[in-house]
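# A look at the structure
Spelled out, the chains give:
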Amino acid sequence: MGRITDRTVLIVGASSGIGAEVARQLGHGGNRFVITARRTAELATVAAEIRAAGSACLDLPADALDPAAAAGVVAAAVAEYGSVDVALLNAGQGPDMAMDRVSVADVSRIMALNYDVVVNYLVPLIGQLRGQPGGGLIAHTNSLAGLMGIPRQGPYSAAKAAVRTLVDTARIELAPHDVRFTSIHPGFVATERIEGDGLPKPFQISQERAARYVVRALEKEPAQAYFPWPTAALVRTLRALPTPVSAAVLRRLASAG
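Conventions used here
Residues numbered from 1 in each chain as written. Predicted model: local features only at pLDDT ≥ 70, side-chain atom pairs only at ≥ 80, totals over all residues. Heavy atoms only, no water. Helix = DSSP H or I, 4+ residues; strand = E, 2+ residues; numbered from the N terminus. Expected span 1.5 Å × (residues − 1). Buried < 20%, exposed > 50% of the residue type's maximum accessible area, 1.4 Å probe, protein only. Arc of directions from axis to C-beta. Contact = heavy atoms within 4.5 Å. Axes fitted to C-alpha atoms, helices over the stretch in contact; angles between N-to-C directions. Left-handed = near helix turned anticlockwise from the far one by under 90°. Nonpolar A, V, L, I, M, F, W, Y, C, P; charged D, E, K, R; others polar. Core = buried A, V, L, I, M, F, W, Y, C linked by side-chain atoms within 4.5 Å.

## Thoughts on helix α3 (residues 67-81)
- Between its first and last C-alpha atoms α3 spans 21 Å; for 15 residues at 1.5 Å apiece the expected length is 21 Å, and the two agree.
- Among all positions of α3, only A70, V73, V74 and A77 are buried. Viewed end-on, α3 has its buried residues packed into an arc of 90 degrees, placing them on one side of the element. Across from the buried face of α3, at angles greater than 90 degrees, the exposed residues are A68 and A79.
- Immediately downstream of α3, the backbone of G82 shows phi near 90 degrees, a positive value.

## A short note on helix α7 (residues 229-240)
- Over its 12 residues, α7 runs 16 Å from end to end, which matches the ideal 16 Å to within 8%, given 1.5 Å per residue.
- Taken together, the buried positions of α7 are T231, A232, V235 and L238. For α7, the angular spread of the buried residues around the axis is 125 degrees, confining them to a single face. The exposed residues of α7 that point more than 90 degrees off its buried face are W229 and A240.
- As for α7, its buried residues are in contact with β9 (224-227) and α8 (243-255).

## Remarks on the packing of helix α1 (residues 17-26) against helix α6 (residues 207-220)
- It is the contact of α1 with α6, at a shortest axis distance of 8 Å, that shows an interaxial angle of 65 degrees. Regarding α1 and α6, the two cross each other, and that crossing is right-handed. Residues G17, I18, E21, V22, Q25 and L26 of α1 form the contact with α6, whose own contacting residues are Q207, E208, A210, A211, R212, V214, V215 and L218.
- Here the residues of the contact of α1 with α6 sort into 8 nonpolar, 3 polar and 3 charged.

## Concerning the nonpolar core
- Counting residues in hydrophobic clusters, the biggest one holds 33 residues, and the most contacted among them are I11, V22, F33, I35, V214 and L218.
- Elements represented by at least two residues in this core include exactly β1 (8-12), α1, β2 (32-37), α2 (40-52), β4 (86-89), β5 (136-141), α6 and β9.
- Sequence-distant contacts of I35, defined by excluding residues within four places in its chain, comprise I11, A14, L43, V46, A47, I50, C57, L58, D59 and L60.
- Within the second largest apolar cluster, 29 residues are counted, among which are A64, V73, V117 and V179.

Below is the structure:
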């Protein structure tokens, strides 16, 4: 795709963190934004920053857990701007959650917050992009934790792995219609949401730096994007090691938190 300018960009989970920072970084490109999240006031603040940077912006408070609300956001974006060129599905949570202390409800909620929220936007976006000239890009913020089971993040890792598999399938099926998919896998990012959660965070990066990686992925459209490289290399190494060895390393890392 190249540099993102004069595009209609939908960002889900844009009231704070990586989503808000991506919107700010793309706000100088003369783009047309639709940003959504649950928090109305915070979303309005980000929208004002985007408009001040020279891009149009429609801010739509909505709960990504509600399929009807998600479909309504996609429909509103098309009604306002005629198409969606780039969508970044950035909603999700990954709290510290040890398997010997979780309930069934805990695991189900984490699955909903990281899998259902993607599906709720993915389906209506596919319906829209499949039929519009030039197709479009659907990207989602996954996680390096989705590549293997990470101690104290088991439900989160499982949800992210499920999303990745679903999107990998959609990428194959929708390629003839020029609907493209990018799975973005950050390591630990210093967002307000995870501050003080007690988890060890090797090679943590700022949300501003993370957003730069995300923008680059939106521009280049790789199937998979992994960052930062030290964390990505660590995960690749752990996946290549024999299971008893990788498990021992992960136990040591988890106990360091």
